[in-house]
Amino acid sequence: MQQARKHTAPLSDAAFTLLVQGVLDYGIFMLDPQGHIISWNAGAQRIKGYNATDILGQHFSVFYPPEDQAAGKPQWELETAVAEGRLEDEGWRVRQDGSRFWANVVITALWDESGVLQGFGKVTRDMSERRAAQNALHERRRLFDHLVQAQEMERRRIAWDVHDDSIQAMVAVGMRLELLADRVPESYSSELRRLDASVAEAISRLRSLTFRLHPPGIDRHGLVEGLSGHLDDVVGSSWGMAHSFKHHLERTPTPETAITIFRIVQEALLNVHKHARASRVDVRVESADDGILTRVVDDGIGAPMAKDGARDHFGIIEMRERAETAGGWWSMHSRPGEGTKVEFWVPNPLPLPASEAVPPKDAP
């Protein structure tokens, strides 16, 4: 048996008017063909501050800042709505008390059956809270960029200082020890050669430190080449560990985002080298949820987790704080005998406009 269809009666003009009048989130009102206000709802009163008796009959240009009125923007919007049928705009508007708010405005031209313009429908929404949230996010992004660049500049300065001062001084000490070892009796020369070997080992560690502080490639070549080179040069060549690197990025990250990801991966790999007793590590970087998801997985011994879910040492704290400062998250999963997986996500925002971007700085 065919089910009977339910028919909903259309709203009467009176009911529709009551519906519009009761809307509070949107200012909905009508203009005559010249732009004078001929209807007013509760939402318009809440947003703009005018009672119906105060505003009916006035020209809608009263809602625009003086600079927009002087530029003829209200009339231009009506003409555009007539020419194109509809206009949508975002900008500053003015309340009755003179305060400004950020508004989304839609103006629709209304025609009768003969094609004669009857007026305009205007819908206004107060977007001040959304704009404030966007501005706060924008400012946080600028502060984050400043922070990352300041950190990298300080790392670069320390790396240069260590290389140009400490390492060079120790190289000179090593050369002096070699000369002395050749000139003193054998009973002393063996001890001097052991000291020379200790100095050489210290120099090697310092060079490794300067490389970690400021590895070549990330500034010039970006995230993918920087990570690939680090895995080949350090994980493969220096540590002798098997590794793989897979990546799928829909958009190149900003320099600050790339540096953040690189530093977290660098620390995760260092933890693998120091603690995991792993023979292999796999790194994957991919676009996800308007950001970049990164995984570092090793086949090492794993480790039991602490009560708070992580082994609380400086490297763990640094990785987590870097991800969270960027507006993302970080996690680590590890069990004895099953290896460890470090996983984190950071947003991948569009680059800031050139006028607002943080200019790069060189270390002194």
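Note that the structure is predicted; figures quoted are calculated from it, not measured.

S.K.: Any chance you could explain the overall build of the protein chain here in plain terms?
M.R.: Each helix and strand in the protein chain was counted, giving ten helices and nine strands. Within the protein chain, the proportion of its 364 residues that are buried is 38%. As presented, the protein chain carries roughly 21400 Å² of accessible surface, and 54% of it is formed by carbon and sulfur atoms.

S.K.: Please explain the layout of surface pockets as it appears in this structure.
M.R.: Over the atoms a probe the size of a water molecule is rolled, and this reveals where empty space is left. Approximately 460 Å³ is the volume attributed to the second largest pocket. Considering the residues around the second largest pocket, the lining is formed by 21 residues, among which Leu-137, His-138, Arg-141, Pro-349 and Leu-350 are closest to the centre. At the level of elements, α6 (128-183) and β9 (340-347) are the ones that each hand at least two residues to the lining of the second largest pocket. In terms of residues, the lining of the second largest pocket owes the most to one element, α6, which gives eight residues. For the lining of the second largest pocket, the per-class residue count stands at ten nonpolar, seven polar and four charged.

S.K.: Please explain the packing of aromatic side chains as it appears in this structure.
M.R.: In this description, an aromatic ring pair is defined by two values, namely the gap between the centres and the angle between the planes. Evaluation of the coordinates by the stated rule reveals six aromatic pairs. Centroid distance Phe-29 to Trp-40: 5.0 Å. Interplanar angle 50 degrees. Geometry classified as tilted. Pair noted here: Phe-29 is in strand β1 (residues 27-31) and Trp-40 is in the loop between β1 and α2 (42-48), with a separation of eleven residues, a long-range link. No difference in accessibility class separates Phe-29 from Trp-40, as the two residues are buried. The interplanar angle of 20 degrees and the centroid separation of 5.8 Å between the aromatic rings of Trp-40 and Phe-63 together place this pair among those described as stacked.

S.K.: Whenever I open this one, the pattern of salt bridges confuses me. Can you help?
M.R.: Opposite charge on two side chains makes pairing possible when the charged atoms of those side chains draw close. Inspection of every chain in the model, using the stated rule, returns 13 salt bridges. One salt bridge in this structure joins Arg-322 and Glu-318, with 3.6 Å as the shortest N-O distance. Of this pair, Arg-322 and Glu-318 both sit in helix α10 (residues 314-325), separated by four residues, roughly a single helical turn. With respect to class, Arg-322 is no different from Glu-318; both count as buried.

S.K.: How do you make sense of the sheet that holds strand β8 (residues 329-334) when you look at a structure like this?
M.R.: Strand pairing in a sheet is mediated by backbone hydrogen bonds. Such pairs are either parallel or antiparallel. Taken in spatial order, the five strands of this open sheet run β5-β6-β7-β9-β8, and their pairing is mixed. For this open sheet the edge positions go to β5 (242-248) and β8, each flanked by a neighbour on one side alone. Strand-to-strand twist in this sheet, taken as the mean axis angle between neighbours without regard to direction, amounts to 10 degrees. Pairing geometry for strand β7 (residues 291-298) and β9, over eight bridges, is antiparallel. Opposite Gly-291, over in β9, you have Pro-347 as the bridge partner. Most of the contacts of helix α9 (residues 255-276) go to β7, to which it runs at about 10 degrees, and overall it touches β6 (280-288), β7, β8 and β9. Against the sheet, α10 engages β8 and β9, with an angle of about 145 degrees to β8.

S.K.: Could you clarify how one ought to interpret the side chain of Gln-266 in this entry?
M.R.: Looking at the element boundaries, Gln-266 is found in helix α9. Using a relative accessible area of 9% as the deciding quantity, one classes Gln-266 as buried. Among the polar contacts made by the side chain of Gln-266, one reaches the side chain of Arg-263 at a distance of 2.9 Å.

S.K.: Where do I start with the pairing of β1 in this structure?
M.R.: A regular strand places its side chains on the two faces of the sheet in alternate fashion. Alternating positions in β1 separate cleanly, Gly-27, Phe-29 and Leu-31 being buried on one face and Ile-28 and Met-30 remaining unburied on the opposite face. With five bridges joining them, β1 and strand β4 (residues 117-126) adopt antiparallel strand pairing. The residue of β4 that forms the bridge with Ile-28 is Val-123.

S.K.: Is there a simple way to think about the nonpolar core in this case?
M.R.: Soluble globular proteins tend to pack their nonpolar side chains together in the buried interior. Core analysis: the largest hydrophobic core is formed by 32 residues, its most contacted members being Val-265, Leu-269, Val-296, Trp-330, Val-342 and Phe-344. Elements represented by at least two residues in this core include exactly α6, α8 (218-238), α9, β6, β7, α10, β8 and β9. Top contributing element to this core by residue count: α9, with ten residues. Setting aside residues up to four positions removed in sequence, Val-296 forms contacts with Val-265, Ala-268, Leu-269, Val-281, Asp-282, Val-283, Thr-340, Lys-341 and Val-342. In this structure, Ala-44, Tyr-64, Ala-81 and Ile-107 belong to the second largest nonpolar core, which totals 20 residues.

What counts, and where the lines are drawn
Residues numbered from 1 in each chain as written. Predicted model: local features only at pLDDT ≥ 70, side-chain atom pairs only at ≥ 80, totals over all residues. Heavy atoms only, no water. Helix = DSSP H or I, 4+ residues; strand = E, 2+ residues; numbered from the N terminus. Buried < 20%, exposed > 50% of the residue type's maximum accessible area, 1.4 Å probe, protein only. Areas by Shrake-Rupley, 256 points an atom, 1.4 Å probe, with all protein chains shown as cover. 1 Å grid on protein atoms, 1.4 Å probe; cavity = no way out; pocket = protein on both sides within 12 Å on 5 of 7 lines; lining within 4 Å. Points joined across faces, edges and corners; volume = space filled by probe spheres on them. Nonpolar A, V, L, I, M, F, W, Y, C, P; charged D, E, K, R; others polar. Phe/Tyr/Trp six-rings, centres within 6.5 Å; stacked < 30°, edge-to-face > 60°. Salt bridge = Lys/Arg side-chain N within 4 Å of Asp/Glu carboxyl O. Pairing = 2+ DSSP bridges. Axes fitted to C-alpha atoms, helices over the stretch in contact; angles between N-to-C directions. Contact = heavy atoms within 4.5 Å. Polar contact = N/O pair within 3.5 Å; in protein donor to acceptor, adjacent residues only side chain to side chain. Core = buried A, V, L, I, M, F, W, Y, C linked by side-chain atoms within 4.5 Å.

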